[in-house]
Amino acid sequence: MTTITDERISVWRTIREALRGAQIDYTTAPVGRAVIMLAVPMVVEMSMESIFAVADVFWVAHLGADAVATVGLTESMLTIIYTVAMGLTIGATALVARRIGEKDPEGAARAAGQSILLGVILAAAIAVVAAPNARALLRVMGASENVIRTGGGFTTVMLAGNITVVLLFLQNAVFRGSGDAAIAMRVLMLGNALNIILGPCFIFGLGPFPQLGVTGASVATNIGRGSAVIFQIVTLARGRGRVHVGLSHLKLDFATMRTVLRLSGTGTFQILIGTASYIGLVRILSVFGSAALAGYTIGIRVIIFALLPAFGISNAAATMVGQNLGAGHPDRAERAVWTAARYNMVFLGVVGLLFLAGAPLIAALFSNDSAVVPYAVGCLRTVSLGFLFYACGMVLTQAFNGAGDTWTPTVINLFVFWLFEIPLAWWLATSAGFGPRGVFIALTVSYSMLALVSAVLFRRGRWKMKKI
């Protein structure tokens with residue numbers, strides 16, 4: 001007879017195996033065990049990515065509100081680059097997972113190679129167009145001349161080095177889709193270690209390093225991400241995981257590239273709708289001054305810190321869906337999604353409670369400015385009220401994507417974020433007189449609506465019929 005102690009030992013053993021990168025077949029292993037084996041390293045991976053977001057603002061906050069505002073405005077512009085990167089990851093994960101489920105490693109390598117090729121082309125185009133116009137873009141975002149003078153270098157370096165973001169996201173998506181989640185986790189550990197060590201060195205000029213101020217944060221971030229990308233390339237080239245990408249896979253393959261473009265194009269548009277809505281929110285907040293914008297930047301960075309690990313659980317659902325549809329097990333794919341959703345709701349529910357209780361202490365870690373802290377606290381407390389719903393919604397969204405049904409979440413995002421959230425935020429912040437808090441309320445309401453709409457459409461089951 002199985003005891004509670006035996007079950008706990010089994011769970012901890014599974015977690016240890018997941019962190020070590022033990023090999024299992026995700027189309028035949030018990031669903032709960034398979035989800036944990038994928039989710040644990042993916043949660044750690046996304047936690048590492050969230051540290052990238054928080055580490056910079058932690059040190060930059062010591063330079064004042066204008067420096068933090070620069071980071072906030074730049075990150076809002078970088079959402080376009082994150083959109084490209086995440087859109088590519090949708091296509092890469094879906095294709096690689098489906099081919100692995102079909103027992104077609106050569107097809108998985110072709111999908112990975114064509115995705116990487118597309119990512120390099122797009123990143124180069126963005127750098128050529130955006131980097132020389134960094135200061136002009138800050139003005140468009142409503143930055144003051146002082147903010148532009150303080151942070152123009154930061155923005156330029158981040159836009160010029162965007163290929164590190166694109167390839168980091170994209171190649172980790174290949175690892176996740178194939179089931180090598182532990183490799184993706186180690187990649188982010190390396191990048192973060194370098195970023196954390198080099199950040200204060202370049203910002204404050206410690207030891208032999210030059211004092212670059214807020215620009216130093218961008219230099220450290222690009223060095224950290226760039227080193228992680230090199231590690232990824234070596235791993236894929238040497239075939240240390242389930243996918244081995246050679247030079248032949250990087251040659252243009254029109255048939256595979258069309259599929260990559262179709263999935264990634266729709267995926268990019270989907271993410272663009274969601275993430276670009278943050279640009280609209282920042283634009284609304286910018287009229288309330290640097291203190292409100294700095295408070296929002298701190299709050300949203302901490303929120304991202306919590307949401308990115310939750311995306312790890314969601315990514316596990318995407319991989320399970322892709323591989324099990326490829327293996328011809330749609331019902332098993334659905335069970336995996338609801339299992340992941342339960343795990344995610346527990347995780348973000350606990351985090352939400354911590355944010356409600358500890359918001360003042362969390363905000364104080366990043367700023368002691370009496371004008372900034374209240375906005376950061378308001379953002380943390382208000383937005384966290386929607387975490388429970390969003391935990392379920394993000395899993396369902398990734399399940400659609402893992403199946404290759406990228407249009408369904410695209411339409412959901414368009415309705416929820418642009419036709420509902422932005423107008424609601426503007427009305428609450430201005431006409432209704434809530435000020436910046438109106439933006440925070442709009443975020444919470446939108447998260448909840450996303451989950452409800454996604455659940456209704458997921459239960460209809462059309463995603464199970466998708467062929468890619």
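Residues numbered from 1 in each chain as written. Predicted model: local features only at pLDDT ≥ 70, side-chain atom pairs only at ≥ 80, totals over all residues. Heavy atoms only, no water.

## Here we look at the overall build of the chain
Part 1 of the reasoning: Looking only at helices and strands, the chain has 16 helices and zero strands in total.
Part 2 of the reasoning: Scaling as 2.2 N^0.38, a compact globule of 468 residues should have a C-alpha radius of gyration of about 23 Å, and the chain matches this with 21 Å.
Part 3 of the reasoning: Dimensions of the chain along its principal axes, counting C-alpha atoms only, are 60 × 45 × 45 Å.
Part 4 of the reasoning: Within the chain, contacts between residues at least 6 apart in sequence are counted, and of these 81% link residues at least 24 apart.
Part 5 of the reasoning: As displayed, the chain has an accessible area near 17900 Å², and 68% of this comes from carbon and sulfur atoms. (Helix = DSSP H or I, 4+ residues; strand = E, 2+ residues; numbered from the N terminus. Rg over C-alpha atoms; globule rule 2.2 N^0.38 Å. Contact = heavy atoms within 4.5 Å. Areas by Shrake-Rupley, 256 points an atom, 1.4 Å probe, with all protein chains shown as cover.)

## What about the pattern of salt bridges?
Part 1 of the reasoning: One pass over the structure, following the stated rule, counts nine salt bridges.
Part 2 of the reasoning: Asp 25 serves as the salt-bridge partner of Lys 103, at 3.2 Å between the closest nitrogen and oxygen. Of the two residues, Lys 103 is situated in the loop between α3 (65-101) and α4 (105-130) and Asp 25 in the loop between α1 (4-20) and α2 (31-60); the sequence distance between them amounts to 78 residues.
Part 3 of the reasoning: Looking at Asp 25, the relative accessible area reads 29%, which means it is partly exposed.
Part 4 of the reasoning: Note that Asp 331 is salt-bridged to Lys 464, the shortest N-O span being 3.5 Å. A residue pair is termed long-range when its members are at least 10 positions apart, and Asp 331 in helix α12 (residues 330-366) and Lys 464 in the segment after α16 (436-460) qualify at 133 residues.
Part 5 of the reasoning: Using a relative accessible area of 49% as the deciding quantity, one classes Asp 331 as partly exposed.
Part 6 of the reasoning: When salt bridges with common partners are traced through the structure, they connect Asp 331, Glu 334 and Lys 464 into a single cluster. (Salt bridge = Lys/Arg side-chain N within 4 Å of Asp/Glu carboxyl O. Buried < 20%, exposed > 50% of the residue type's maximum accessible area, 1.4 Å probe, protein only.)

## Some thoughts on the packing of helix α8 (residues 181-204) against helix α9 (residues 214-238)
Part 1 of the reasoning: With their axes 7 Å apart at the nearest point, α8 and α9 run at an angle of 155° to one another. Relative to α9, the element α8 lies roughly antiparallel. For α8 against α9, the interelement crossing comes out right-handed. Of the residues in α9, those in contact with Ile 183, Val 187, Leu 190, Gly 191, Leu 194, Asn 195, Leu 198, Gly 199, Phe 202 and Ile 203 of α8 are Gly 216, Ala 217, Val 219, Ala 220, Thr 221, Ile 223, Gly 224, Ser 227, Ala 228, Phe 231, Gln 232 and Thr 235.
Part 2 of the reasoning: Of the residues contributing to the contact of α8 with α9, the split by class is 13 nonpolar, nine polar and no charged. (Axes fitted to C-alpha atoms, helices over the stretch in contact; angles between N-to-C directions. Parallel < 35°, antiparallel > 145°, perpendicular 65-115°, else oblique. Left-handed = near helix turned anticlockwise from the far one by under 90°. Nonpolar A, V, L, I, M, F, W, Y, C, P; charged D, E, K, R; others polar.)

## Quick notes on the side chain of Thr 410
Part 1 of the reasoning: For Thr 410, the location among the structural elements is in helix α15 (residues 407-431).
Part 2 of the reasoning: Among the polar contacts made by the side chain of Thr 410, one reaches the main-chain carbonyl oxygen of Thr 406 at a distance of 2.7 Å.
Part 3 of the reasoning: For Thr 410, the contacting residues outside a window of four places in its chain are Thr 266, Phe 269, Gln 270 and Ile 273. (Polar contact = N/O pair within 3.5 Å; in protein donor to acceptor, adjacent residues only side chain to side chain.)

## Thoughts on the environment of Ser 277
Part 1 of the reasoning: Within the secondary structure layout, Ser 277 lies in helix α10 (residues 254-286).
Part 2 of the reasoning: Between the C-alpha atom of Ser 277 and that of Thr 339, which follows or precedes it by 62 residues, the distance is 30 Å.
Part 3 of the reasoning: Of note is the side chain of Ser 277, whose polar atom sits 3.3 Å from the side chain of Glu 421.

## Overview of the environment of Leu 424
Part 1 of the reasoning: Structurally, the position occupied by Leu 424 is in helix α15.
Part 2 of the reasoning: Along the backbone, Leu 424 and Ile 183 are 241 residues apart, and their C-alpha atoms lie at a distance of 41 Å.
Part 3 of the reasoning: Residues within four places of Leu 424 in sequence aside, it is in contact with Ala 442 and Val 445.

## Side note on the packing of α15 against α16
Part 1 of the reasoning: In the contact formed by α15 and α16, the axes pass within 9 Å of each other and the chain directions differ by 155°. Between α15 and α16, the crossing angle belongs to the class labelled roughly antiparallel. Where α15 crosses over α16, the handedness of that crossing is right-handed. Packed against α15, whose contacting residues are Thr 408, Ile 412, Asn 413, Phe 415, Val 416, Phe 417, Phe 420, Glu 421, Leu 424, Ala 425, Leu 428 and Ala 429, the element α16 presents Gly 438, Val 439, Ile 441, Ala 442, Leu 443, Val 445, Ser 446, Met 449, Leu 450, Val 453, Ser 454 and Leu 457 at the interface.
Part 2 of the reasoning: Per-class residue counts for the contact of α15 with α16 are 18 nonpolar, five polar and one charged.

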